[in-house]
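Below are the chains, spelled out letter by letter.
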Amino acid sequence: MIELVFGGAASGKSEFAEREALQCRKPFYYLATMRHGSSSGEQRIAKHVARRDGSPFVTLEKPVAIGELAGKVKDGTVLLECLTNLAANELFDNGDVFNREHEEEVYQRICKDLDILASASDSLIVVSGDVFRDGVRYAKESEAYMRLLSRLNTYLSDKADRVYEMVYACPRRLR
């Protein structure tokens, strides 16, 4: 089973996805993709860790190449938090980020890794951001990132058994 939960910043998507995951088959894996380093990132990481305190999730931190974890998550439920970070990590991990061929390579690699995790696990629940609605034109780096994330969200929504959009902590089921 594949489930996609997307929404804007602070929309409640992570909390909802965690509740969804806990309704699935054990063991529960929380695949964290945010890189450590910035103070704001550390605050977000701490908030998510505190919320999961005492929960049955086993946390696996992997900011790139998530398919490598397939052997560790066999037959369990994987909550991928989040595709938004993963896409940025993969795209900006290489100095050649603005080459369209690199964008395509990153897209193909992430899709393959998502397929590997979906095949290895009983359930894959993916949290992703909605960063497309402000209508602002951005620098080519940001536009490349937004294009990649849009394609990944579309890829997952096509494969997903369930798709939810979170708006003000209210889930709206789209599929």
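Residues numbered from 1 in each chain as written. Predicted model: local features only at pLDDT ≥ 70, side-chain atom pairs only at ≥ 80, totals over all residues. Heavy atoms only, no water.

(A) How the structure looks around the nonpolar core. Core analysis: the largest hydrophobic core is formed by 35 residues, its most contacted members being Leu 31, Leu 83, Leu 114, Val 126 and Leu 152. Excluding residues within four positions of it along the chain, Leu 114 makes contact with Ile 66, Leu 80, Leu 83, Leu 124, Val 126 and Leu 156. Among the nonpolar cores identified, the runner-up in size contains 15 residues, and Ala 17, Cys 24, Phe 28 and Phe 57 belong to it. (Core = buried A, V, L, I, M, F, W, Y, C linked by side-chain atoms within 4.5 Å. Buried < 20%, exposed > 50% of the residue type's maximum accessible area, 1.4 Å probe, protein only. Contact = heavy atoms within 4.5 Å.)

(B) Structural context of the sheet that holds strand β2 (residues 28-32). Reading across from one edge, β3-β2-β4-β5-β1-β6-β7 is the order of the seven strands in this open sheet, with mixed pairing throughout. Only two strands of the sheet have a single partner each, and these edge strands are β3 (57-61) and β7 (170-173). Taking each pair of neighbouring strands and ignoring which way they run, the sheet shows an average axis angle of 20°. Packed on one face of the sheet, helix α1 (residues 13-21) meets β1 (2-7), β2, β3, β4 (77-81), β5 (123-129), β6 (162-167) and β7 and runs near 175° to β5. (Pairing = 2+ DSSP bridges. Helix = DSSP H or I, 4+ residues; strand = E, 2+ residues; numbered from the N terminus. Axes fitted to C-alpha atoms, helices over the stretch in contact; angles between N-to-C directions.)

(C) Local environment of the pattern of salt bridges. Going through the model one piece at a time under the given rule, you end up with ten salt bridges. A salt bridge links Glu 104 to Arg 151, with the shortest nitrogen-to-oxygen separation between them at 2.8 Å. Remark: Arg 151 occurs in helix α5 (residues 140-159) and Glu 104 occurs in helix α4 (residues 100-120); sequence separation between them is 47 residues. For Arg 151, a relative accessible area of 33% gives the class partly exposed. For Arg 172, the salt bridge is made with Glu 165, and the minimal N-O distance between the two is 2.9 Å. (Salt bridge = Lys/Arg side-chain N within 4 Å of Asp/Glu carboxyl O.)

(D) Broad picture of the packing of helix α3 (residues 83-91) against α5. Running from amino to carboxyl end, α3 crosses α5 at an angle of 130°, the nearest separation of the two axes being 10 Å. Between α3 and α5, the interaxial angle falls into the category oblique. Crossing geometry of α3 relative to α5 is assigned as right-handed. Residue-level contacts link Leu 83, Thr 84, Ala 87, Ala 88 and Leu 91 of α3 to Ala 144, Tyr 145, Leu 148, Leu 149, Leu 152, Asn 153 and Leu 156 of α5. Split into classes, the residues belonging to the contact of α3 with α5 amount to ten nonpolar, two polar and no charged. (Parallel < 35°, antiparallel > 145°, perpendicular 65-115°, else oblique. Left-handed = near helix turned anticlockwise from the far one by under 90°. Nonpolar A, V, L, I, M, F, W, Y, C, P; charged D, E, K, R; others polar.)

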